[in-house]
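# Observations on the model geometry
Given next are the chains, with one letter for each unit.
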Amino acid sequence: MAKAEIQMPDDFLERLSKLGKKSDEIAERVLEAGAEVVVDKVRGNLVSVIGSGTTYDSRSTGELERSLGVSRVLQDRDGNSNIKIGFSEPRSDGGSNAKLATIIEYGKHGQPAKPFLKPAKSASKSACEETMKRKFEEEIKKL
């Protein structure tokens, strides 16, 4: 499965560390706001590539799109907060959403690649960062 990583700017991280007890709570809300921007772009890209340019009629059930979502915020062993965008498992037919998404993203023999994750990461990076900055400022004003 493809992995997208967007790091917060250093000045942003410095201001975040000055918040004391509320920093984890605010970091979660900021990450969630940024993730929504990215997941919306991924979903839009996914919808546009499913069934496009195929020789046969699409057999899409919409299950892959419905399984796309955002994880809760978790901390890694280094103390960094992370949020993930991905596909819930398993499919109703017992298959893997991650496998299907990988096939769409990278293609397979007889099926050309139809990238939707990588372009979404590139296209949403600045909007994600701006949304996170705006959300951070909103949270600071609340203190």
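Before reading further, recall that the structure is shown in the block above.
Residues numbered from 1 in each chain as written. Predicted model: local features only at pLDDT ≥ 70, side-chain atom pairs only at ≥ 80, totals over all residues. Heavy atoms only, no water.

## Remarks on helix α5 (residues 117–142)
Residue pairs three or four apart in sequence face the same way in an α-helix, which turns once every 3.6 residues. Of all the bends in α5, the greatest measures close to 50° and is centred on S124. Inspection of α5 places L117, A120, S124, C128, T131, M132, F136 and E139 among the buried residues, and these make up the whole buried set. (Bend = angle between axes of the 7 residues up to and from the residue. Helix = DSSP H or I, 4+ residues; strand = E, 2+ residues; numbered from the N terminus. Buried < 20%, exposed > 50% of the residue type's maximum accessible area, 1.4 Å probe, protein only.)

## Considerations on the nonpolar core
If you look at the biggest cluster of nonpolar residues, it comprises 23 residues, and the most contacted ones within it are V42, F87 and F116. Elements represented by at least two residues in this core include exactly α2 (23–49), α4 (97–106) and α5. At 8 residues, α2 tops the list of elements feeding residues into this core. Once you skip the residues sitting within four places of it in the chain, V42 turns out to touch L68, F116, L117 and A120. (Core = buried A, V, L, I, M, F, W, Y, C linked by side-chain atoms within 4.5 Å. Contact = heavy atoms within 4.5 Å.)

## Let's talk about the pattern of salt bridges
The tally for this structure, following the rule as stated, stands at 7 salt bridges. In this structure, E139 and K142 form a salt bridge, with 3.4 Å as the shortest nitrogen-oxygen distance. With a gap of 3 residues between them, E139 and K142 both fall in helix α5, about one helical turn apart. Connected through salt bridges with shared partners, the residues E25, R29, K135, E139 and K142 form a single ionic network. (Salt bridge = Lys/Arg side-chain N within 4 Å of Asp/Glu carboxyl O.)

## Here's the deal with the packing of aromatic side chains
Pairs of aromatic rings are described using the distance from one ring centre to the other and the angle between the two planes. Counting across every chain of the model gives 1 aromatic pair. Ring centres 6.4 Å apart and planes at 70° place the aromatic pair F87 and F116 in the edge-to-face group. Taken together, the residues span a long stretch of sequence, with F87 in strand β4 (residues 85–87) and F116 in the loop between α4 and α5 at a distance of 29 residues. (Phe/Tyr/Trp six-rings, centres within 6.5 Å; stacked < 30°, edge-to-face > 60°.)

## Overview of α4
Of all the positions in α4, only N97, A101, I103, I104 and E105 are classed as buried. On its buried face, α4 sits against α2, α3 (63–67), β4 and α5. Two or three places before A98, at the start of α4, stands the capping residue S96, its side-chain oxygen 3.3 Å from that residue's backbone nitrogen. One or two positions beyond α4, positive phi appears at G107, with a value near 80°. (Polar contact = N/O pair within 3.5 Å; in protein donor to acceptor, adjacent residues only side chain to side chain.)

## Some thoughts on the packing of α2 against α5
Their axes nearest at 8 Å, the elements α2 and α5 cross at an angle of 150°. One way to sum up the angle between α2 and α5 is to call them roughly antiparallel. The way α2 lies across α5 gives a crossing that is right-handed. Judged by residue contacts, I26, R29, V30, L31, A33, G34, V37, V38, K41, V42 and N45 of α2 engage L117, P119, A120, A123, S124, A127, C128, T131, M132, K135, F136 and E139 from α5. Its residues assigned to classes, the contact of α2 with α5 comprises 15 nonpolar, 4 polar and 4 charged. (Axes fitted to C-alpha atoms, helices over the stretch in contact; angles between N-to-C directions. Parallel < 35°, antiparallel > 145°, perpendicular 65-115°, else oblique. Left-handed = near helix turned anticlockwise from the far one by under 90°. Nonpolar A, V, L, I, M, F, W, Y, C, P; charged D, E, K, R; others polar.)

## Quick notes on the side chain of E63
With respect to the helices, strands and loops of the structure, E63 is situated in helix α3. Setting aside its immediate chain neighbours within four residues, E63 contacts P90, R91, S92 and N97.

Geometric values such as these leave the question of function open.
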